[in-house]
Amino acid sequence: DTAVSQTPKYLVTQMGNDKSIKCEQNLGHDTMYWYKQDSKKFLKIMFSYNNKELIINETVPNRFSPKSPDKAHLNLHINSLELGDSAVYFCASSQEVNSVAPLHFGNGTRLTVT
Amino acid sequence: LAKTTQPISMDSYEGQEVNITCSHNNIATNDYITWYQQFPSQGPRFIIQGYKTKVTNEVASLFIPADRKSSTLSLPRVSLSDTAVYYCLVGDKGNTPLVFGKGTRLSVIA
């Protein structure tokens with residue numbers, strides 16, 4: 001059983017399109033995250049949700065909108081895609097917010113905007 | 001989050017013990033030290049976490065000196081499958097990792 005699964009694994013699309021990436025965790029964790037890994041390999045947090053509530057919203061364009069229908073799911077919707085959005089997007093979860101509990105990551109979605 | 005410094009890359013032969021050191025001079029009293037491993041095309045995977053002295057699990061050992069200004073991840077008898085990027089993070093409760101640095105790229109050679 002995959003603990004944190006995200007789909008699709010690859011996403012190729014044109015500028016201006018709208019796309020979504022889905023994430024699900026079956027670990028029973030309360031907190032979920034979206035991270036972006038750019039071409040320089042830095043992995044930076046975008047959003048964090050705890051029990052469906054937004055906790056962290058880093059400086060991310062408002063074209064990016066996370067949606068958490070329940071605490072096991074955190075989807076990422078991106079409007080009006082731009083070339084600079086090309087990156088690998090990772091979903092993650094942890095047992096609880098405000099703890100040192102380790103993060104559990106999905107295997108990433110490689111987004112290519114042409 | 002305390003700033004960390006680790007080597008950009010390391011090479012090792014199969015079967016050797018590999019030690020990766022991370023410097024964190026401004027570590028705070030409540031900070032824990034956590035290491036992650038990332039294989040190509042995968043997300044980072046938690047390896048080990050510690051606060052002081054030594055922690056060991058089935059994958060690795062983590063050595064933390066008394067002043068806690070550095071830590072060393074020790075991988076016993078590495079194999080080709082240990083080729084990955086290793087990240088050191090330092091933080092406490094309420095400090096969600098905002099950024100993973102570039103990590104240490106370990107290449108294991110046959």
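Just so we're clear, the structure is a prediction, and the values are computed from it rather than from any experiment.

Draft legend 1. Structural context of the environment of Ile8(B). Residue and element names in this part refer to chain B. Take Ile-8: it is sitting in the segment before strand S1 (9-13). Sequence separation of Ile-8 and Gly-103 is 95 residues, and the distance between their C-alpha atoms is 6.4 Å. Ile-8 has contacts with Gly-103, Thr-104 and Arg-105, leaving out every residue within four places of it along the chain.

Draft legend 2. Region of interest: the interface of chain A and chain B. The interface of chain A with chain B comprises 21 residues on the first partner and 21 residues on the second. Buried area between chain A and chain B, both sides added, is near 1800 Å², and the carbon and sulfur share of it is 61%. Looking only at chain A, the three residues that lose the most surface to chain B are Phe42(A), Leu43(A) and Val100(A), adding up to 29% of its buried area. At the junction of chain A and chain B, the tally comes to zero salt bridges. Broken down by secondary-structure element, the contributors of at least two residues to the side of chain A that touches chain B are strand S4 (31-37) and strand S5 (43-50) of chain A.

Draft legend 3. Representation of the sheet that holds strand S3 (residues 32-38) of chain B within the structure. All names here are of chain B. In space, the five strands of this open sheet follow the order S1-S10-S8-S3-S4, with mixed pairing throughout. With one partner strand each, in any of the chains shown, S1 and strand S4 (45-50) form the two edges of the open sheet. If you compare each strand with its neighbour and ignore which way they point, the axes differ by 25° on average. As paired elements, S3 and S4 share five bridges and run antiparallel to each other. Note that in S4 the partner of Tyr-36 across the bridge is Phe-46.

Draft legend 4. Representation of the sheet that holds strand S6 (residues 61-64) of chain B in the model. All names here are of chain B. The strand order across the open sheet formed by four strands is S2-S7-S6-S5, and the pairing between neighbours is antiparallel. At either end of the open sheet lies a strand with only one pairing partner, and these are strand S2 (18-23) and strand S5 (53-56). Averaged over all pairs of adjacent strands, the angle between their axes in this sheet comes to 15°, without regard to strand direction. The pairing of S5 with S6 spans four bridges and is antiparallel. In the sheet register, Thr-53 faces S6, and the bridge partner there is Ile-64.

Here is what the cut-offs are and how they apply
Residue numbers restart at each chain and count upward from 1, following the sequence in its written direction. The lettering of chains begins at A and the numbering of ligands begins at 1, in the order of writing. Whole-chain, interface and lining totals are the exception, using all residues; otherwise, since this is a predicted model, local features are given only for residues with pLDDT of at least 70 and side-chain atom pairs are given and counted only at 80 or more. The side-chain values count all of the structure's non-hydrogen atoms but skip hydrogen atoms and water molecules. Only runs of H or I of at least four residues qualify as helices and only runs of E of at least two qualify as strands under DSSP, and these elements are numbered from the N terminus. Only heavy atoms enter the contact rule, under which two residues are in contact if any of them lie within 4.5 Å. A simple way to read buried area is as the amount of 1.4 Å-probe accessible surface that goes missing from two parts once joined, with both sides added. Put simply, a salt bridge is a Lys or Arg side-chain nitrogen that is within 4 Å of an Asp or Glu carboxyl oxygen. Strand pairing follows a simple DSSP-based rule, namely that at least 2 bridges must link the two strands. To obtain each axis, a line is fitted to C-alpha atoms, and for helices this fit is confined to the stretch in contact; angles are then taken between N-to-C directions over 0 to 180 degrees.

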